[in-house]
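Each chain is listed here by its residues.
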Amino acid sequence: MSSLLLTGIRQLVTNDSTDSDLLGVISEAAVAVVDGTVAWVGPEADLPSEHAGLARVDCEGRAVIPGFVDAHTHLVFAGDRSDEFARRLRGERYEDILAAGGGIHSTVEATRNASTEALLEATLARAERMLRHGTTTIEVKSGYGLATGHELRLLEVAAAVGQRSAIDVVPTFLGAHVPANGLDSAAYVDLVVNEMLAACAPYARYCDVFCDEGAFSVAESRRVLEAGRAHGLGLRVHAEQLSRTGAAQLAAELGATTADHLDQITFEDAAALARSQTVAVLLPAVSFSMRSPQPPGRLLWDAGVTVALGTDCNPGTSYAESMFFVVALATVETGLTPEEAIWASTRGGALSIEAGDKGVVEPGAVADLVILDAPSYAHIPYRPATNLAWKVIKDGRVV
Ligand SMILES: [Zn+2]
């Protein structure tokens, strides 16, 4: 925790929800941070004298946004699948690679065989790169262990990353990623529900399930999610990515915190999400890497659904770590405006992990901020894949 004063901010994105402007932009602004928490925000000309003596960071005319909240990652894994990526680009289908024992199964094998120290070092390196790209909070799923002890180990690694890095980690149990260990999906769900959840729930905030072709049916997913809730976990759902299964409506019906992917949703699915409190987490870097249809960001936003964004960082379908890149894709490829995409990558992400004090710059908020090496947030989609983080501030400290 630390105290400082940011001055010389040409454009400050506050995401102040009382403002009619979505991003609550303040020009020529200052932000005072005391003990890791935002204490004052406003035009620099109005800075109260009580904050004038804080250690000062002069932004020299740059823009400042809240730290990115990456709402969906599979960060704990070993190995890489660059060969598979190249095979797909040469025309092979992911489903065929998966059916032949490649895909996720090769990552599970590499992850199970990696030492805990190697797994921690690799995951920590990814988290630190994300932090340098302005991401201050990440959701991290297990899901490459697929056996009780292995899943537990991945959640312990996720927690260790949160302790070793300044980045905040929100852990999710994804034991129901794909059926494994020679079990069919029904028998594997029995294992998740009867054994894995009891062991893993104490180390997780959310329970997730991959409801799709080649993974789990809607009925099986319902069993996993209801059991997760019985163990005190919030719910997230991999929904409507490869095929439309009804998973989005299941998420809405169960009051899941998020429904993720949504590439194949219908207007009725969007309407169901809009009637619920479920946040739509869009992952356009997956569609980019997979050359598959992008999620309909415009449709979801216009339907009134709360939208968040994530990298889905994983070794198979999206080895992306930068939310700058994701914002660019969300804008150019899914139909969100720059303002909507910036909001979704910050405030939307915070709502997707139920962190009301993140993704905003207002008194009482966690002081997670990114000083952009640009005069405006509009440079993020305009200059895709550039790391525009000039300085990253986590809990009021320049990291
Ligand atoms: Zn995922």
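Residues numbered from 1 in each chain as written. Predicted model: local features only at pLDDT ≥ 70, side-chain atom pairs only at ≥ 80, totals over all residues. Heavy atoms only, no water.

1. A look at unusual backbone geometry
Then comes step 1: In this structure, Leu262 is a non-glycine residue whose phi angle is positive, near 65°.
Then comes step 2: Along the polypeptide, Leu262 turns up in the loop between strand S10 (258-261) and helix H9 (267-275).
Then comes step 3: Assessed through its relative accessible area of 0%, Leu262 is described here as buried. (Helix = DSSP H or I, 4+ residues; strand = E, 2+ residues; numbered from the N terminus. Buried < 20%, exposed > 50% of the residue type's maximum accessible area, 1.4 Å probe, protein only.)

2. Here we look at helix H8 (residues 247-254)
Then comes step 1: For H8, the tally of buried residues reaches six of eight residues, placing the bulk of the element in the interior.
Then comes step 2: Buried positions along H8 lie against strand S8 (206-211), helix H7 (218-230), strand S9 (234-239), S10 and H9.
Then comes step 3: Where H8 ends, the next residue or the one after it, Gly255, has phi of about 65°, a positive value. (Contact = heavy atoms within 4.5 Å.)

3. As for the sheet that holds strand S6 (residues 135-141)
Then comes step 1: Taken in spatial order, the eight strands of this open sheet run S5-S6-S7-S8-S9-S10-S11-S12, and their pairing is parallel. The sheet is open, and its two edges are formed by strand S5 (68-70) and strand S12 (307-309), each paired on a single side. Neighbour-to-neighbour, the strand axes of the sheet open up by a mean angle of 25°, direction not taken into account.
Then comes step 2: Where strand S11 (residues 279-282) and S12 come together, three bridges link them in parallel fashion. (Pairing = 2+ DSSP bridges. Axes fitted to C-alpha atoms, helices over the stretch in contact; angles between N-to-C directions.)

4. Structural notes on the sheet that holds strand S14 (residues 389-394)
Then comes step 1: Strands sit in the order S3-S2-S1-S4-S13-S14-S15 across an open sheet of seven strands; the sheet is mixed. Every other strand in the sheet has two partners, leaving strand S3 (37-43) and strand S15 (397-398) as the edge strands with one partner each.
Then comes step 2: Pairing of strand S2 (residues 26-34) with S3, which is carried by six bridges, proceeds in the antiparallel orientation. Looking across to S3, one finds that Val33 is bridged to Val38.

5. Overview of the nonpolar core
Then comes step 1: In this structure, Phe173, Val237, Leu262, Leu300, Leu309, Leu372 and Ile380 are the most contacted members of the largest nonpolar core, which totals 107 residues.
Then comes step 2: The next biggest cluster of nonpolar side chains, apart from the first, holds 19 residues, and it includes Val38, Val360, Val361 and Ile393. (Core = buried A, V, L, I, M, F, W, Y, C linked by side-chain atoms within 4.5 Å.)

6. Focus on the side chain of His379
Then comes step 1: Summarising the element assignment, His379 is placed in helix H14 (residues 379-382).
Then comes step 2: Overall, His379 belongs to the buried group, its relative accessible area being 18%.

7. Details of the packing of aromatic side chains
Then comes step 1: Enumeration over the complete set of coordinates arrives at six aromatic pairs.
Then comes step 2: Arranged with centres 5.9 Å apart and planes meeting at 25°, the rings of Tyr188 and Phe216 form a pair that is stacked. Here Phe216 lies in the loop between S8 and H7 and Tyr188 lies in helix H6 (residues 185-200), a separation of 28 residues in the sequence.
Then comes step 3: On the basis of relative accessibility, which here comes to 2%, the residue Phe216 falls in the buried class.
Then comes step 4: Between the aromatic rings of Trp301 and Trp343, the centroid separation amounts to 5.8 Å while the plane-to-plane angle is 85°, which identifies the pairing as edge-to-face. Of the two residues, Trp301 sits in helix H11 (residues 297-303) while Trp343 sits in helix H13 (residues 338-352), which places them 42 residues apart along the sequence. Take Trp301 and Trp343: they sit in the same class, and that class is buried.
Then comes step 5: Through a chain of ring-to-ring contacts, the aromatic side chains of Phe77, Tyr144 and Tyr319 assemble into a single cluster. (Phe/Tyr/Trp six-rings, centres within 6.5 Å; stacked < 30°, edge-to-face > 60°.)

Fair warning: the whole summary comes from geometry, so function is off the table for now.
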